[in-house]
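Residues per chain are reported as follows:
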Protein chains: 4
Amino acid sequence: MTLFINDYSEGCHESILEALTKTNREQTAGYGFDPYCEEARELIRREIGCPEADVWFLSGGTQTNLIAAAAALRPHEAVMGAETCHLFVHETGAIEATGHKVLVIPDPEGKVRPEGVLQVLREHAAAPHMVKPRMVYISQSTEVGTVYTKAELQALHRVCREHDLLLYLDGARLGAALAAPGNDATLQDVAECCDFFYIGGTKNGAMMGEAMVILNPELKRDFLYIVKQRGGLFAKGRLLGLQFSTLFREGLYYRLARHANVQAMRIREGFAALGVRFLVDSPTNQQFILLNEQQAAALQARFGVDEQWRKDGDVCLRVCTSWATEPAAVDELLAAMRQIMA
Amino acid sequence: MTLFINDYSEGCHESILEALTKTNREQTAGYGFDPYCEEARELIRREIGCPEADVWFLSGGTQTNLIAAAAALRPHEAVMGAETCHLFVHETGAIEATGHKVLVIPDPEGKVRPEGVLQVLREHAAAPHMVKPRMVYISQSTEVGTVYTKAELQALHRVCREHDLLLYLDGARLGAALAAPGNDATLQDVAECCDFFYIGGTKNGAMMGEAMVILNPELKRDFLYIVKQRGGLFAKGRLLGLQFSTLFREGLYYRLARHANVQAMRIREGFAALGVRFLVDSPTNQQFILLNEQQAAALQARFGVDEQWRKDGDVCLRVCTSWATEPAAVDELLAAMRQIMA
Amino acid sequence: MTLFINDYSEGCHESILEALTKTNREQTAGYGFDPYCEEARELIRREIGCPEADVWFLSGGTQTNLIAAAAALRPHEAVMGAETCHLFVHETGAIEATGHKVLVIPDPEGKVRPEGVLQVLREHAAAPHMVKPRMVYISQSTEVGTVYTKAELQALHRVCREHDLLLYLDGARLGAALAAPGNDATLQDVAECCDFFYIGGTKNGAMMGEAMVILNPELKRDFLYIVKQRGGLFAKGRLLGLQFSTLFREGLYYRLARHANVQAMRIREGFAALGVRFLVDSPTNQQFILLNEQQAAALQARFGVDEQWRKDGDVCLRVCTSWATEPAAVDELLAAMRQIMA
Amino acid sequence: MTLFINDYSEGCHESILEALTKTNREQTAGYGFDPYCEEARELIRREIGCPEADVWFLSGGTQTNLIAAAAALRPHEAVMGAETCHLFVHETGAIEATGHKVLVIPDPEGKVRPEGVLQVLREHAAAPHMVKPRMVYISQSTEVGTVYTKAELQALHRVCREHDLLLYLDGARLGAALAAPGNDATLQDVAECCDFFYIGGTKNGAMMGEAMVILNPELKRDFLYIVKQRGGLFAKGRLLGLQFSTLFREGLYYRLARHANVQAMRIREGFAALGVRFLVDSPTNQQFILLNEQQAAALQARFGVDEQWRKDGDVCLRVCTSWATEPAAVDELLAAMRQIMA
């Protein structure tokens, strides 16, 4: 049964395996102080046009997010994010276990907007009886597949500057956003708007790995201590560096994301033509569809797709493509849906 | 200017000062292992009809709540409570700083109800990606002045038992609830329904002090280690014990709370007769009133009352009485409001 | 049986009870924003000659220490202190529960010395695999009763400045040190050498209360948030302010400490004349004596004294006087020891 | 320059790369719920003769240790270990950042012994003012290369049972211990003596990966929540499972460790014959040698070896072999040392 449950069901792009194999018996320093990490850092710095950025390689999103909070926040400082955001919903309270409250803002498109930020600030003015909002957490693409425009990122950047807030972007699916049809925010724009952010590898063709990029000089200090203390310092750090150098040397990162998006757009258009409703308008590799219970059951009997919730007769399913999705599998999915909707 | 801003604006009931003065030069063991703490424990155990209960004396509500969480929960376990609850809103993220997420349930009367508990459980079923709800936090009286009935407490007790949840009651204003007109839940009922709870002294005539009562045997183990570790172990513990023995020896705890409630009922009835609207129907010492901006400003010019929020022209003010509120001060307040509303 | 087990066996100096009684029914703002706290702050600022100092009132030593660590340190930063120090030995891992390692230095007099600090720095150079030493914790007087000289405090101040370390002084028994025969370090000297420190009330005649004094401007920011978050923000803060204004208005703090020391010196001299050995040479209210098992048992049968350890036939007992120790009780103790040693 | 600085300077054994390549495009469930993890679990359970064991795959030692502490301990419970142990010295306070104190025991061979455990218990009896020792942490092989015998493990097991302590073994270099000449403790013995332990992959030929094995039923409950919360839940969990199934399917794990040990024994014997002194007698892949400063400098000029410390003219160097160490490189090292010592 073909799985459309997520974008990490397969291994990794073959060029990564080749790079690992080719360099396998070389001896290098550990913990990311090797030439492959250095090359990956340089490629990323060039990509974002920021030679001063610090770049560190970590192995997963929850780990990266909790390290970001531990490194950036004092104990009474809180994170704010969209009500649907991964850090709030799906990380088993990792931020709270690191000692920080997460304040959430409802939004139909899963985005944080300047008005929401200001509202949270107004509601947390009763110092010292309330936490102090300090870090704005956004996901690009979001958990419902939407993408912040360049103007939206800049507006968040401004409101953060005005209110001494840090802007942090979770780029677990940053590739999907960068390669989305209509997207106008480049990696360089992301770097200009954020204090720190990460470029996700795990969900875009790496075995594992997230590249944390730190722009704000204050956040650079002693960052690696925090990485080590939280168990995120990879002994064989070069394994992460090699993956990112492979992904960024010749644009592979973008090509893989584009592939996933293209397959998702085929699904979106095909489903829409059949009358399937969508939760939101997503230009990326995650499509959230609404079916009735019978239709949902029929689809789930033939393909791996994840149920998100059911309410008032509607079942919301996530159909997720990846860098490795076979076009033929999408053909089959479309054919199956045609039968179901008939 | 007379303050109606809270129930801890004054010192303490004079009989407490007398007890402290009378025993002042006695030498006793520290940390609560003295005869006065022992007497207070026995009085409380008798009051709740539970000779096996553990009773420990702490010095403030936030401290007591965070110690409760630290003692009762494993790292991935979460607290749930009403959206307006003190632990979520007004304790500067103390629970999160202790490592635990707080999951909230909206309710117009500031209560947790069994359906809300079940809803939270349903929404957090995606183990291990979500926290595990484990402790239900309720306040009696609530932050908006309402009181759980005996049937409501029993229903929460049942739903907690059925789903392996701990029921914890914050009794910062337990006196106000016990002495409220129409209340049918005794201290014994509270003890029968809860795994642990605390009896608040600070807001009912003590200098400071909260009595943590532990019924669930599993929660008793090593509790005092946690108290010490979180900075809650009073060196001169007898000062807390003496206050609770004074409060419970001859019913002073109830008399003081009744006084505060009686003055609050005078305000409620007087204000209602003048057409003042109320946020909720509160039978206790906190009354939340809705005025227009002009009326609110006029009232605040003459009395200390706390603004809660303003919205669509309405200003919500809290008028709070205490064990020490002078009836004459209430007369003045009523007279002033008569002028304002005229 | 008379207790010499500690300096918090009695209540508080009567003038404190009088001040509390006199102001009891007054209404004031909560949380330390009242005129009595303000007066106490001013008195302390004048005493240390530092009008810019921040002063906050807390209710116990462990609480104060853990709040200091939470406010001052990033997660990877560690505290260093003497191997015998309270924070390491007798606070149930409060600093570690706040997330920080404590690095200890052995010393026969219970002191931290510049060489020890440098040694710890040398041993923790392997960044990022080791914690980063950041805060030096000292107790004045120390846990074995000794007192840092002015020159010793200045030397620690210098080594801390040179290595970007914070110097924090636990003044649970600061009164005993200031009033010790031979002491040359004033409260002003303490303030000049430390980044922050606290003046202990609990062990010098207050009911409870410690005054945290913050000199380093960087440590002032948002301090009260941390106090609230850790459960240390007293609702009726004026109770703490009133005690410190009483203690510092006319030198009561020093007189009480001198009384305790004078009684301790009587014990020291009397015991020494009888041939009793001492663990260290202490000029303060804690005397650590070495007896054989029989002698120790005989003493403990007649007075409350605390056993510290036993080794190779020696039993180490602590004899502790307080602001309330009756000279007649010391007479009895000396007489008893004369019999025992005979 | 050939590196003898550690056992993770190279990639991984080629059969792991082959297994990853072969299965690369397969789709599987995430988070360790895939057939490769299942196979690896079964192989490990068979190896230890314990079909009931829980086995989870994590990606690094510090991560595994802090998750173990978070899962097993209440806040006031402490870990004890050898003074030289990795968890205490080289994990940037990860255990303390998780909230727990580490109590250490000096030992020339880097081992915890029953007498040491009992001593720590005696010294921490002052409840509730001290932490409660609860978990004994040992490394096999130790940080100085020594190996616990079966009798030593059993003795620790007994003392832990008698005093309600948990025994946890850090097996970062468990392969080296199992394959050491003279070793009499099998993997099955380890499983019989410990409450939980991990089998290290990173330092024995895996890319990365540690297999946590839980024997004590109480420790199994909700373990994966903790893994997720601390950022240790690998999305593509199968990558870890595949490595362990490769390592354990046909004894590769033992063969790789034996290779490293054989090369280390060649160094040990060769060096000893040249009069080089050793810190301890290590039968495993880490050899700690003592040279004078000139000799040390000469060796470090030609090979990568890590300096541990220098004292009184002695320099202590660690010479570390791995699964990938070339015999020819050892020949060169021996030749070089012959010249240096001549």
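Now for a look at the structure at hand.

Description of the interface of chain D and chain C
Each partner contributes residues to the interface: chain D has 16 residues there, and chain C has 16 residues. For the pairing of chain D and chain C, the buried interface totals around 1,400 Å² over both sides, and the portion due to carbon and sulfur atoms is 57%. One can count 2 salt bridges joining chain D with chain C. Residue glutamate 96 of chain D pairs with lysine 101 of chain C through a salt bridge whose shortest N-O separation is 2.9 Å. Linking chain D with chain C are 10 residue pairs in polar contact (both at pLDDT 80 or more), by the criterion used here. Put simply, the parts of the chain that give the side of chain D that touches chain C at least two residues each are α4 (86-89) and α5 (94-97) of chain D. Of the residues in the side of chain D that touches chain C, the class split is 6 nonpolar, 7 polar and 3 charged.

A few points about the packing of helix α14 (residues 293-302) of chain C against helix α15 (residues 327-341) of chain C
All names here are of chain C. Two elements in contact, α14 and α15, have axes separated by 10 Å at closest approach and are oriented at 150 degrees. Between α14 and α15, the interaxial angle falls into the category roughly antiparallel. In terms of crossing hand, the pair formed by α14 and α15 is right-handed. In contact with Gln295, Ala298, Leu299 and Arg302 of α14, α15 contributes Leu333, Ala336, Met337, Gln339, Ile340 and Met341. Here the contact of α14 with α15 is composed, by residue class, of 7 nonpolar, 2 polar and 1 charged.

Here we look at the relation of the copies chain D and chain C
In the superposition of chain D on chain C (RMSD 0.0 Å, axial shift 0.0 Å), the rotation amounts to 180 degrees. Taken together, the rotation and translation describe the operation of a two-fold axis. Both copies contact each other with a shared surface, as 100% of the interface residues of chain D are interface residues in chain C too.

What about the interface of chain D and chain A?
In this complex, chain D contributes 46 residues to the contact, which on the side of chain A involves 46 residues. For the pairing of chain D and chain A, the buried interface totals around 4,100 Å² over both sides, and the portion due to carbon and sulfur atoms is 52%. Area buried by chain D at its contact with chain A is led by Arg25, Gln27 and Lys236 of chain D, which between them contribute 18% of it. Inspection of the chain D/chain A interface yields 2 salt bridges. Note that glutamate 14 of chain A is salt-bridged to arginine 25 of chain D, the shortest N-O span being 2.9 Å. Counting across the interface, chain D meets chain A through 28 residue pairs in polar contact (both at pLDDT 80 or more). At the level of elements, α1 (14-22), α3 (61-72), α5, α11 (223-229) and α12 (238-249) of chain D are the ones that each hand at least two residues to the side of chain D that touches chain A. Per element, the largest residue contribution to the side of chain D that touches chain A is 4 residues, and it comes from α1 of chain D. A class-by-class count of the residues in the side of chain D that touches chain A yields 19 nonpolar, 18 polar and 9 charged.

What counts, and where the lines are drawn
- Residues numbered from 1 in each chain as written.
- Chains lettered and ligands numbered in written order.
- Predicted model: local features only at pLDDT ≥ 70, side-chain atom pairs only at ≥ 80, totals over all residues.
- Heavy atoms only, no water.
- Contact = heavy atoms within 4.5 Å.
- Buried area = accessible area lost by both parts, 1.4 Å probe.
- Salt bridge = Lys/Arg side-chain N within 4 Å of Asp/Glu carboxyl O.
- Polar contact = N/O pair within 3.5 Å; in protein donor to acceptor, adjacent residues only side chain to side chain.
- Helix = DSSP H or I, 4+ residues; strand = E, 2+ residues; numbered from the N terminus.
- Nonpolar A, V, L, I, M, F, W, Y, C, P; charged D, E, K, R; others polar.
- Axes fitted to C-alpha atoms, helices over the stretch in contact; angles between N-to-C directions.
- Parallel < 35°, antiparallel > 145°, perpendicular 65-115°, else oblique.
- Left-handed = near helix turned anticlockwise from the far one by under 90°.
- Least-squares fit on C-alpha atoms with pLDDT ≥ 70 in both.

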